[in-house]
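What the coordinates show
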Amino acid sequence: MTARLILSALLVVAVAGCGKKKETELVIETAPVERRSIVLSAQANGVVEPVTVIEVKSRASGQITNMPVDVGSVVKRGDLLVQIDARDVQSRFNQAAAELNSSTVARTVAVSQRARSQDLYRQRIITAVEMEAATLGFANADAAVVRARAALDIARQQLQDATITAPTTGTVIERPVSEGTVITSATSSASGGTTILKMADLSKVRMRAMVNETDIGNVLPGQVANVTVDAFPNRRFQGVVEKVEPQAVVQQSVTMFPVLVSLSNLDGALKPGMNGESVMEVLRKDNVLAIPSEAVRSMRDAATVAPSLGLNAETVRTEIQASFASRRGGRSGGSAGGAGGAGGGGDSAAATGRRGRRAMGDSLTAASSGFQRSGAGGVSALGAGGGGGFSGVAGSGRGGNGVQVAFVKKDEKYAARPIRTGISDFEYTEVVSGLGQGEQVALLGAAVLQAQRDAQQARIRAVRGGGLQQTTPAGGAGGAGGAGGGGGGRPTGR
């Protein structure tokens, strides 16, 4: 039994040793320098809405007797929407028609009377007063015909108003009334009349996207935008930025600007009220040299991950410092030489290089280990800023020309090489200079994790070596330790 226990313990130790060996193995992947397109974009959440909503009202009052459409009905221009009880207006129309017929006959009689009066007046059979009376009768009859025609036109219009047809082709999106409802006229009512229904042409819709104020300066009308909605997560709708509204909207203490993105919707897939996300192209560069963003590091990060690539950290740091200093010295050598000679110029360049390196942050490390979007109005692409780190807004991506470091693999060995970068998105970074097409660069995500793990273990060993020991409860070792005092729980080594 004892031998079996010993054998089991040895097996566990062996398995643990193999696991530790596998854990320490580090595989560095590489990627080629190649040409591709890099797009900086700003993203924002929004809601789909119709371009134009038409409120259909009636110019006639009365009870609805027929309403053949419902919400979602697709109608064409001229289709029947609502029929109002037309008995009253029909009666008024008939009366106006009868009055027109009567006035027309009266005018005909007045014309005959005036003609006879003119003949008799020429023959001096009637007096001038009688002739004037005949002329006045004709004028009154003619005016009566005009009034009757106008009344008939008004009655005809009222009769037509009782039948409401579609003003344009579209889809019914709201119907607040139904058959039997008594509605009021939109022209005679002080309240503006009853809204019968709302309709819109859904063949073309738009998304009202709320863009953060930090990104709105880069969004312009005419830019291409890709829209996805929650209802169709795997489908992308392409649109165009139509307008940037000037009035800001504050949501939860965050200032947003509405941006209208026009979308074609011929198949009717997009419906008003759908929530989605719009990604607007702010800047695009095609056919540029690029490498994965995971391969780009600042000078500080380069020295940290160097041991994971089999390189000496101090040697890498020295080489990069010398390269930075020579580059900065070459750009400012003329002015530095005039101020203090060649030696002074070199010192100034080196100091400038040190300041630049100190200014470089570790934001690129975070970028390579996994970009995170900042929220509804965040920016979905980052730019390599002038200081060498990634900026948090797309606008700074326009600046570019950040000095970074990449590790180039050649003959199974790695070498640190300073590069100048341009714009960058989440995945790839533009290489302005320092690398040639086809060269292999190291992807340093695993190396960064390994370096962080090694650094943490080194700190733990350093703390333990300094005297951090488990102690007994307060008072147990304090009495014997003397210098330790009654607490006994705090080590003297730091």
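For the structure, see preceding data.
A short tour of the structure in this document, coming up. Because the structure is a prediction, the values reported are computed rather than measured.

Next up on the list: the overall build of the protein. The helix and strand tally for the protein stands at 8 helices and 20 strands. Going through the 494 residues of the protein one by one, you find that 36% of them count as buried.

Spatially, S3-S10-S8-S5 is the arrangement adopted by the 4 strands of the open sheet, whose pairing is antiparallel. The sheet terminates laterally at strand S3 (53-57) and strand S5 (74-75), the two strands that pair on one side only. As paired strands, strand S8 (residues 170-174) and strand S10 (residues 195-200) are joined by 3 bridges and run antiparallel to one another. Across the sheet, Glu174 pairs through a bridge with Lys198, a residue of S10.

In total, this model carries 19 salt bridges according to the counting rule given. The residue Glu245 makes a salt bridge to Arg208 at a minimum N-O spacing of 2.7 Å. Taken together, the positions of Glu245 in the loop between strand S13 (232-244) and strand S14 (249-251) and Arg208 in strand S11 (residues 204-212) put the pair 37 residues apart, joining distant regions of the chain. Look at Glu245 and you get buried, because its relative accessible area is 18%.

Once that is clear, we can look at the pairing of S10. Of the strand pairs in this sheet, S3 and S10 are connected by 5 bridges, and their pairing is antiparallel. When the sheet's bridge partners are listed, Lys57 is paired in S10 with Thr195.

If you check the backbone angles, Ser253 has positive phi at about 65° while not being a glycine. Relative to the assigned elements, Ser253 resides in the loop between S14 and strand S15 (254-264). Note on Ser253: relative accessible area 74%, which makes it exposed. Here the phi dihedral of Asp411 falls at roughly 55°; this positive angle occurs in a residue that is not glycine. For Asp411, a relative accessible area of 66% gives the class exposed.

As for its position among the elements, Leu197 is in strand S10. Sequence spacing of Leu197 and Val71 is 126 residues, and the spatial spacing of their C-alpha atoms is 8.7 Å. Sequence-distant contacts of Leu197, defined by excluding residues within four places in its chain, comprise Ile54, Glu55, Val56, Met67, Val69, Leu81, Val172, Glu174, Arg175 and Pro176.

Thresholds, definitions, all that
Residues numbered from 1 in each chain as written. Predicted model: local features only at pLDDT ≥ 70, side-chain atom pairs only at ≥ 80, totals over all residues. Heavy atoms only, no water. Helix = DSSP H or I, 4+ residues; strand = E, 2+ residues; numbered from the N terminus. Buried < 20%, exposed > 50% of the residue type's maximum accessible area, 1.4 Å probe, protein only. Pairing = 2+ DSSP bridges. Salt bridge = Lys/Arg side-chain N within 4 Å of Asp/Glu carboxyl O. Contact = heavy atoms within 4.5 Å.

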